[in-house]
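Here are the chains, one letter per residue:
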Amino acid sequence: MNNLSYKIGFWSAQLLTFTFIIWIVCFVGIAITSPLFYWTNLPDYITYSQSNGQFLQNIAKFFMLLFGPLYVLFINSCYDHAADDKKVLVRISVLFGIAFAILSSVHYFVQLTTVKINIEQGHFDGLEYLVQANPYSVMSSINMLGWTLFLGLSSFFIFPVFKGDRLNKIIGYAFLFNGISCFLGGVGYMFHVDLLTFIFMNLGLGGAVMTFSIASIILFNRLKIK
């Protein structure tokens, strides 16, 4: 038993839950305080971003920047919880989780630095390839690759680790559903089926992440005090 590993799992699961709650609050706040924006072209986006406060958008991006590294810490903590014959699955899941964290973090860091600073300074050339508001910009595609393929694969490989009591099964099936949601969201993105992407990348993935994060807080709390 590695109590330090369980403590890291406990705190990283709490922080995952917190970051996702903040993202949801910001998402709702943006919907209430700003008009809905559909990507048309860069000049329209510049006008929109300069006419509407970006505070909530930047807060949401900052916490999503943290989500990837926290996810890697969380998944790595599952290694000591796994049965010996399942530990290799955790290693594979961690590798895919690292790929997800790198791609996602690069995307959000670019939004908070390169994109934000260039808009503030009035330098707009080429930003249509970087802004998150353009769903098919280079950076948006990189971000979606992380959230669909690599987070999905990480979820599929970790889900068999959680067997046994009801709490473990809840976590395992939440990871399984998360993997399915990631893949279906990726299919929607690749074939431009916006409704499919929205349902599985927001509702499906969001519900799954909240479920396995909250359930894992309970699990790791039990393990660290044994």
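This text follows the structure it describes.
Quick caveat: nothing in here was measured; it's all calculated off a predicted structure.

Parameters at a glance
- Residues numbered from 1 in each chain as written.
- Predicted model: local features only at pLDDT ≥ 70, side-chain atom pairs only at ≥ 80, totals over all residues.
- Heavy atoms only, no water.
- Helix = DSSP H or I, 4+ residues; strand = E, 2+ residues; numbered from the N terminus.
- Rg over C-alpha atoms; globule rule 2.2 N^0.38 Å.
- Contact = heavy atoms within 4.5 Å.
- Areas by Shrake-Rupley, 256 points an atom, 1.4 Å probe, with all protein chains shown as cover.
- Lys, Arg positive; Asp, Glu negative; His and termini not counted.
- Charge placed at Lys NZ, Arg CZ, Asp CG, Glu CD.
- 1 Å grid on protein atoms, 1.4 Å probe; cavity = no way out; pocket = protein on both sides within 12 Å on 5 of 7 lines; lining within 4 Å.
- Points joined across faces, edges and corners; volume = space filled by probe spheres on them.
- Nonpolar A, V, L, I, M, F, W, Y, C, P; charged D, E, K, R; others polar.
- Core = buried A, V, L, I, M, F, W, Y, C linked by side-chain atoms within 4.5 Å.
- Buried < 20%, exposed > 50% of the residue type's maximum accessible area, 1.4 Å probe, protein only.
- Phe/Tyr/Trp six-rings, centres within 6.5 Å; stacked < 30°, edge-to-face > 60°.
- Lys NZ or Arg CZ within 6 Å of the ring centre and 35° of its normal.
- Disulfide = S-S within 2.5 Å.
- Expected span 1.5 Å × (residues − 1).
- Bend = angle between axes of the 7 residues up to and from the residue.

Asks: Give a description of the overall build of the protein chain that names residues and reports values.
Replies: Along the backbone of the protein chain there are seven helices and zero strands. Start at the N end of the protein chain and walk to the C end: the helices and strands fall as α-α-α-α-α-α-α. Here the protein chain has a C-alpha radius of gyration of 18 Å; the compact-globule value for 226 residues is 17 Å, and the two agree. Viewed in the frame of its principal axes, the protein chain has a C-alpha envelope of about 55 × 35 × 30 Å. Across the protein chain, the fraction of contacts at a sequence separation of at least 24, relative to all contacts at a separation of at least 6, is 75%. Carbon and sulfur atoms make up 71% of the accessible area of the protein chain, which totals about 11200 Å². Across the protein chain, the mean location of the 12 positive side-chain charges is 19 Å away from that of the 9 negative side-chain charges.

Asks: Account for the layout of surface pockets, with residues named and values stated.
Replies: As a volume, the largest pocket reaches approximately 1600 Å³. As for the largest pocket, its lining consists of 37 residues, and the residues nearest its centre are Phe 27, Gln 132, Ala 133, Pro 135 and Asn 202. Breaking the lining of the largest pocket down by element, the ones donating at least two residues are α1 (3–33), α2 (42–51), α3 (55–77), α4 (87–120), α5 (138–158) and α7 (194–224). The element that contributes the greatest number of residues to the lining of the largest pocket is α7, accounting for seven residues. The residue inventory of the lining of the largest pocket, partitioned by class, reads 24 nonpolar, 11 polar and two charged.

Asks: Kindly report on the nonpolar core, identifying the contributing residues and their values.
Replies: One finds Phe 67, Tyr 71, Trp 147 and Phe 175 to be the most contacted residues of the largest nonpolar core, which totals 49 residues. Looking at this core, the elements that each hand over two or more residues are α1, α3, α4, α5, α6 (166–190) and α7. In terms of residue count, the dominant contributor to this core is α7 (10 residues). Counting nine residues, the second-largest nonpolar core is a separate cluster that includes Leu 42, Ile 46, Val 110 and Val 131.

Asks: Now, about the packing of aromatic side chains: what can you tell me, with residues and values included?
Replies: Following the criterion strictly, the structure yields 23 aromatic pairs and no others. A ring pair is formed by Tyr 71 and Phe 100, whose centres lie 5.7 Å apart and whose planes are at 90°; its orientation type is edge-to-face. With Tyr 71 in helix α3 and Phe 100 in helix α4, this residue pair connects regions lying 29 residues apart in the sequence. Judged by relative accessible area, which is 1%, Tyr 71 ranks as buried. Classification of Phe 100 by relative accessible area gives buried; the value is 0%. One aromatic cluster in this structure is built from Phe 20, Trp 23, Phe 27, Phe 67, Tyr 71, Phe 100 and Trp 147. Above the plane of the ring of Tyr 79 lies Lys 87, whose end atom (NZ or CZ) is 4.6 Å from the centre.

Asks: Would you mind going over the state of the cysteines in detail, with residue names and values included?
Replies: Evaluation of the coordinates by the stated rule reveals zero disulfides. Residue Cys 78 stays outside any disulfide, its sulfur separated by 16 Å from that of Cys 182, the closest cysteine. Judged by its relative accessible area of 0%, Cys 78 is buried. For Cys 182, a relative accessible area of 0% translates into the label buried.

Asks: Can you tell me about the environment of Val 115, naming the residues and giving the values?
Replies: Inspection of the secondary structure assignment puts Val 115 in helix α4. With 13 residues separating them in the primary sequence, Val 115 and Glu 128 have C-alpha atoms 9.6 Å apart. Excluding anything up to four places from it in sequence, Val 115 contacts Val 110, Leu 127, Leu 130 and Val 131.

Asks: Provide a residue-level description of the environment of Gly 152, including the pertinent values.
Replies: Of note, Gly 152 is situated in helix α5. On the basis of relative accessible area, Gly 152 is assigned to the buried category, the value being 0%. Linking Gly 152 and Asn 41, residues 111 residues apart in sequence, is a C-alpha distance of 31 Å. Gly 152 has contacts with Trp 147, Gly 179, Cys 182 and Phe 183, leaving out every residue within four places of it along the chain.

Asks: Lay out unusual backbone geometry in plain terms, naming residues and giving numbers.
Replies: Although it is not a glycine, His 192 adopts a positive phi angle of roughly 60°. Here His 192 shows up in the loop between α6 and α7. Classification of His 192 by relative accessible area gives exposed; the value is 52%.

Asks: Could you give an account of α7, naming the residues involved and the relevant values?
Replies: Over its 31 residues, α7 extends 43 Å from the first C-alpha to the last, a length consistent with the 45 Å expected when each residue adds 1.5 Å. The sharpest bend along α7 measures roughly 30° and falls at Leu 205.

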